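The residues making up each chain are set out below.
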Amino acid sequence: MENIMETQDIENKESFGEGALRTLCAFANTKGGTLYIGLSDKGKVKGIKLNNEILKNISDKIVSSLGVHPEIEIEKREGKEILKISVKPSAVPISFNGKYYERVGNTTREMNSERLKEFLLKGTNWDGLVNKEVSFAEIDKETVKLFIRKAKSTGRLTIFKENTDIKTIFEHLKLSVKGKLTNASIILFGKDPQKYFINAVLRIVRLKNQTTIVGDRLIAGNLFNQVVQGEEAIKNFINVRYEIKKLEREEIWEYPLPAIREALINSLIHRDYFKFNVQTQVKIFDDYIWFYNIGGLPEGITLEDLKKPHSSVPRNPLIVHIFYLAGFIEEVGSGIGRMTDSLKSQGLPEPEFKEEMGGFSVRFYKDIYTEENLRKMGLNKRQIKAVMYVKEKGKITNKEYQELNLVSKPSATRDLQALVELGLLEQRGITGKGTFYVLVKGSQTAQRTHKGLTKGSKE
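Residues numbered from 1 in each chain as written. Predicted model: local features only at pLDDT ≥ 70, side-chain atom pairs only at ≥ 80, totals over all residues. Heavy atoms only, no water.

1. Some points on the overall build of the protein
Then comes step 1: Scanning the protein for helices and strands turns up 16 helices and 19 strands.
Then comes step 2: A globule of 459 residues ought to have a C-alpha radius of gyration of about 23 Å, yet the protein, at 30 Å, is considerably larger.
Then comes step 3: Buried positions account for 44% of the 459 residues belonging to the protein.
Then comes step 4: Long-range pairs, those at least 24 residues apart, make up 61% of the contacts in the protein with a sequence separation of at least 6.
Then comes step 5: Carbon and sulfur atoms make up 49% of the accessible area of the protein, which totals about 24500 Å².
Then comes step 6: Separation between the mean location of the 73 positive side-chain charges and that of the 59 negative ones in the protein comes to 3 Å. (Helix = DSSP H or I, 4+ residues; strand = E, 2+ residues; numbered from the N terminus. Rg over C-alpha atoms; globule rule 2.2 N^0.38 Å. Buried < 20%, exposed > 50% of the residue type's maximum accessible area, 1.4 Å probe, protein only. Contact = heavy atoms within 4.5 Å. Areas by Shrake-Rupley, 256 points an atom, 1.4 Å probe, with all protein chains shown as cover. Lys, Arg positive; Asp, Glu negative; His and termini not counted. Charge placed at Lys NZ, Arg CZ, Asp CG, Glu CD.)

Written out as structure tokens, the structure is:
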């Protein structure tokens, strides 16, 4: 029989003592696990003397010290008895002698102060906590009226009028508990939420590169104000052009406003407000825009999950619900799809999602396939014409390039190879007549081309 090796959820001890209790505590605080008594840490069978009294004492000790009820079994290995003690993950934090332990790999470790704070608050919603320092006098009545108007217009909250007593509205929406305001009510409707949450602000920065700031806005106030003012600030930092359609002038922004609005709102309503020392940030560069909020994805949700229909586990359910009622967001879990569709409808790459710096970020990359941008990159007229052709048709062959630009095969080959080296086109198919070229989509293109490479035939 193979030795039992130690893992995150398996540990071996030669005897039962405080070390065993620390391990069981760690199992309960992590994903559960099994402790074998009577084995060396390498899994070698040592055996343990057992009888009913010893078993009872061990069980009683675990229950009295940890408050968990284990499953205990006796197993025989190599003619010796060993004890198998299993515990399930606990729904509440478990301590041993006043300390909290967790499993990290195959080791048991005491949680440090920051990890302990995070662990103890796990499952606790920041927005639902009562803040006893705040009174209803600090709630902005005009913001509440604005919310009621919007919620009525969506048809999602029709039972209240604008002049309904705020205390009645808040109790109904669980924004107050027994007359005391929650964090959600303050951050959503407060006159000065930063009095209590100093870094619950939105910073929007326009940069030429990673260090050169050319515009900076710090937006405070409640979340409704941050959304409205934040969108206006972003619009001031990006370009817009106009097209005449059906005798009317239409604004075409560098990035579609619905996608900007979705990413901005998500960064505000899904951030981790327990981590009070970090601002919500938007950084606008020449070739992309970056949205960031502290706090990663909810447990059980991966970056890949975001790209397909997925369940939503909102970090701030009260805040999310209010924004839903007001029509600022739609069905929970569908925002990423709408954001992606909005960008793709304007010919832009899909958004890029990352977990970084203890938080979550979204990047939108600008369309690099515009005549103006291609000229800046040093492309000749033939190459620009070819890129526009591929953008419309989906691909181009060497022969089609020759016919499009009335050039020789060697010239077409040089031009196309330069576009490949620039990262604008990608060669596909078998060498020869089966070869064709397609656009390189996504963030890699934007990152490569913004460096200003200039290659190609100028003839």
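2. Focus on the sheet that holds strand β3 (residues 71-77)
Then comes step 1: If you trace the 4 strands from one edge of the open sheet to the other, you get β1-β2-β4-β3, paired in mixed fashion. Each edge of the open sheet carries a strand with a single partner, namely β1 (10-13) and β3. In this sheet, adjacent strand axes meet at a mean angle of 25° when their direction is disregarded.
Then comes step 2: By the bridge criterion, 4 bridges tie β1 to strand β2 (residues 33-37) in an arrangement that is parallel. Paired with Asn 12 across the two strands is Tyr 36, which belongs to β2.
Then comes step 3: Contacts from helix α1 (residues 18-29) reach β1, β2 and β4 (80-87) within the one sheet, and its direction differs from that of β2 by about 165°. (Pairing = 2+ DSSP bridges. Axes fitted to C-alpha atoms, helices over the stretch in contact; angles between N-to-C directions.)

3. Structural notes on the pairing of strand β11 (residues 213-219)
Then comes step 1: Judged from the 6 bridges that link them, strand β10 (residues 202-207) and β11 form a sheet pairing that is antiparallel. Looking across to β11, one finds that Arg 203 is bridged to Leu 218.
Then comes step 2: Counting the residues that bridge the hairpin from β10 to β11 gives 5 residues.

4. Here we look at the side chain of Ser 361
Then comes step 1: Its place among the elements puts Ser 361 in strand β17 (residues 359-365).
Then comes step 2: Within polar-contact distance, the side chain of Ser 361 engages the side chain of Glu 356 at 2.5 Å.
Then comes step 3: Sequence-distant contacts of Ser 361, defined by excluding residues within four places in its chain, comprise Trp 290, Phe 291, Tyr 292, Glu 352, Phe 353, Lys 354 and Glu 356. (Polar contact = N/O pair within 3.5 Å; in protein donor to acceptor, adjacent residues only side chain to side chain.)

5. Considerations on unusual backbone geometry
Then comes step 1: We note that Lys 174 has phi near 60°; this positive angle belongs to a residue other than glycine.
Then comes step 2: The residue Lys 174 is located in the loop between α5 (166-172) and β8 (176-177) in this model.
Then comes step 3: Its relative accessible area of 57% is what places Lys 174 among the exposed residues.

6. Some thoughts on helix α7 (residues 223-237)
Given 3.6 residues per turn, any residue in an α-helix points the same way as the ones three and four places further on.
Then comes step 1: An ideal rise of 1.5 Å per residue puts 21 Å on 15 residues; α7 measures up with 21 Å between its terminal C-alpha atoms.
Then comes step 2: For α7, the complete set of buried residues consists of Leu 223, Phe 224, Gln 226, Val 227, Gly 230, Glu 231, Ala 233, Ile 234 and Lys 235.
Then comes step 3: If you check the start of α7, you find a side-chain oxygen 3.2 Å away from the backbone N of Phe 224, and it comes from Asn 222. (Expected span 1.5 Å × (residues − 1).)

7. Description of the sheet that holds strand β15 (residues 288-294)
Then comes step 1: Pairing is mixed across the open sheet formed by 6 strands, whose spatial order is β11-β10-β14-β15-β17-β16. Each edge of the sheet is formed by a strand with only one pairing partner; in this case those strands are β11 and β16 (352-356). Neighbour-to-neighbour, the strand axes of the sheet open up by a mean angle of 15°, direction not taken into account.
Then comes step 2: Taken together, the 7 bridges between β15 and β17 define a ladder with antiparallel strand orientation.

8. Considering helix α11 (residues 335-345)
Then comes step 1: Residues Gly 335, Ile 336, Met 339, Thr 340, Ser 342 and Leu 343 constitute the buried set of α11. The buried residues of α11 all sit within an arc of 160° when viewed along its axis, so they share a single face. Every exposed residue of α11 that faces more than 90 degrees away from the buried side is listed here: Asp 341 and Ser 345.
Then comes step 2: Those residues of α11 that are buried are in contact with α8 (257-269), α9 (303-306), β16 and β17.
Then comes step 3: A positive phi of about 80° marks Gly 347, the residue just after α11. (Arc of directions from axis to C-beta.)

9. With respect to the packing of α1 against helix α2 (residues 52-66)
Then comes step 1: Closest axis-to-axis distance for the α1/α2 pair is 11 Å, and the angle between their directions is 60°. Relative to α2, the element α1 lies oblique. Classified by chirality, the crossing of α2 by α1 is right-handed. In this structure, α1 contributes Leu 21, Leu 24 and Cys 25 to the contact, and α2 contributes Lys 61, Ile 62, Ser 65 and Leu 66.
Then comes step 2: Here the residues of the contact of α1 with α2 sort into 5 nonpolar, 1 polar and 1 charged. (Parallel < 35°, antiparallel > 145°, perpendicular 65-115°, else oblique. Left-handed = near helix turned anticlockwise from the far one by under 90°. Nonpolar A, V, L, I, M, F, W, Y, C, P; charged D, E, K, R; others polar.)

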